[in-house]
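The residues making up each chain are set out below.
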Amino acid sequence: MFEFGLDQAAGLRLDMQARDGSPALMPLASPAQPSHGFEWLCRLAMDLADAGQRVVVIDGCATERGERGGLCHALADTSETQLGAAAQRGEWQVMPGARGLQTLVGTAAAGGADTAVSRLFAPFAHGALVLLYAPAQALASLLSGISARVLVPVIDQPQASIDAYGALKWLHGAGLCPVLAPLSAPQQILSNVVDTAQRHLGLRVPVWAQPAWSQRVPDGALVRADTPPFSPHRSPARGVYAGAAHPLWS
């Protein structure tokens, strides 16, 4: 369904805007069966790419194969510093990342979430918007202690409400800030998730409707702490500090 490939002419088309900003990260909680979220993931990536974001999807549910093309290799190869730089409007790149994600979770356990996020950012170009699609439990382990937004899909699937509530429980328990992002889901499913989260977790979970994704996701993403959140060089990826107490959007 996805193809990953880097434009060999990437270095010829880097502009100042891409060099001046920070990479940004938006974690995405995958359903229990990750394939059920692929349509949602594609729609999100498409909306962001059409809005001018340089989007890279890391599929933390897919295991890297071979020596190149995946997150594990990108983390190990210090020469990889410009992933996402060549993305064209309306296009996005995808890379498998299950083993790389395990490595980052280990980094977080040993040195904290900020260290792990900094390591994740290292291979990506300034201005790239990284969408990390992974199980909520893994995201909770990776980002514990950072008040990061995490998108939780609500989709038209039989297990949608169970998956979404389970993700909210893991993320909220780790101190993260989950956000529901419905796509083609019946209103009753969404209402059930919202009501159950408030009743059992004491959580008033925000809901970001699909028409607002292209604005809210970049503004709510994490960026490196050495890039001021209101710097004029935040475009195209914007975001807030990694480790900030409250992301920009409620």
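In this text, all values refer to a predicted model and were calculated from it rather than measured experimentally. (Residues numbered from 1 in each chain as written. Predicted model: local features only at pLDDT ≥ 70, side-chain atom pairs only at ≥ 80, totals over all residues. Heavy atoms only, no water.)

1. Remarks on the packing of helix H4 (residues 98-111) against helix H5 (residues 113-121)
Quick note on the threshold: Only the stretch in contact is used when a helix axis is fitted, and all axes are lines through C-alpha atoms; the angle between N-to-C directions ranges over 0 to 180 degrees. Helix and strand definitions here come from DSSP, where helices need a minimum of 4 consecutive H or I residues and strands a minimum of 2 consecutive E residues; each element is numbered from the N-terminal end. For any helix crossing, the convention is left-handed if the near helix is rotated counterclockwise from the far helix by under a right angle, and right-handed if that rotation is clockwise. Only heavy atoms enter the contact rule, under which two residues are in contact if any of them lie within 4.5 Å. Each residue is assigned to one of three groups, with Ala, Val, Leu, Ile, Met, Phe, Trp, Tyr, Cys and Pro labelled nonpolar, Asp, Glu, Lys and Arg labelled charged, and all others, Gly among them, labelled polar.
Relative to each other, H4 and H5 sit at 145°, their axes nearing to 7 Å. Read as a crossing pair, H4 and H5 show a hand that is right-handed. Two secondary-structure elements touch here, H4 through Thr103, Leu104, Thr107, Ala108 and Gly111 and H5 through Ala113, Thr115, Ala116, Arg119 and Leu120. When the residues that make up the contact of H4 with H5 are grouped by side-chain class, the tally is 5 nonpolar, 4 polar and 1 charged.

2. Concerning the confidence of the model for the protein chain
Inclusion rule: For every residue, the pLDDT score states the predictor's confidence, bounded by 0 at the bottom and 100 at the top.
Residue-level pLDDT values for the protein chain average 83, and 81% of them are 70 or greater. The low-confidence segment residues 1-20 (pLDDT under 50) makes 33 contacts with residues lying over four places distant or belonging to another chain. Across residues 227-235, confidence stays below pLDDT 50; counting only partners more than four residues off in sequence or on other chains, it has 13 contacts.

3. So, helix H2 (residues 38-50)
What counts is decided by this rule: How far a helix is expected to stretch is found by multiplying one less than its residue total by 1.5 Å. Only protein chains enter the calculation, and the probe is 1.4 Å; a residue is then buried if its accessible area is under 20% of its type maximum, exposed if over 50%, and partly exposed in between.
Counted at 1.5 Å a residue, the expected span for H2 with its 13 residues is 18 Å, and the 18 Å between its end C-alpha atoms agrees. For H2, every residue scored as buried is listed here: Phe38, Trp40, Leu41, Cys42, Leu44, Ala45, Asp47, Leu48 and Ala49. Immediately beyond the C-terminal end of H2, within one or two residues, lies Gly52, with a positive phi of roughly 100°.

4. With respect to the pairing of strand S5 (residues 149-155)
What counts is decided by this rule: Look down the strands so they point away from you; if going from the first strand over the helix to the second traces a clockwise path, that crossover is right-handed.
Burial analysis of S5 places 7 of its 7 residues in the buried class, the great majority of the element. Burial along S5 is two-sided: the residues Arg149, Leu151, Pro153 and Ile155 and Val150, Val152 and Val154 are all buried. At this point the chain moves from S5, through helix H7 (residues 160-173), to the parallel strand S6 (residues 177-183), and the crossover so formed is right-handed.

5. Concerning the side chain of Glu64
Keep this limit in mind: Neither His nor the chain termini are counted; the positive set is Lys and Arg, and the negative set is Asp and Glu. For salt bridges, the criterion is a side-chain nitrogen of Lys or Arg within 4 Å of an Asp or Glu carboxyl oxygen. Distance and chemistry together define a polar contact, namely a pair of N or O atoms within 3.5 Å, with one atom able to donate a hydrogen and the other to accept it when in protein, and with adjacent residues in sequence counting only for side-chain atoms on both sides.
Residue position: Glu64 is located in the loop between strand S2 (54-59) and helix H3 (71-76). Summary of buried charges: Glu64 has no salt-bridge partner, and the nearest side chain of opposite charge, Arg99, is 4.0 Å away. For Glu64, the side chain forms a polar contact with the main-chain nitrogen of Ala98, separated by 3.3 Å. Here the side chain of Glu64 touches Gly100 through a polar contact of 2.9 Å, landing on its backbone nitrogen. Those residues in contact with Glu64, other than ones at most four positions away along the chain, are Gly70, Leu71, Cys72, Pro96, Gly97, Ala98, Arg99 and Gly100.

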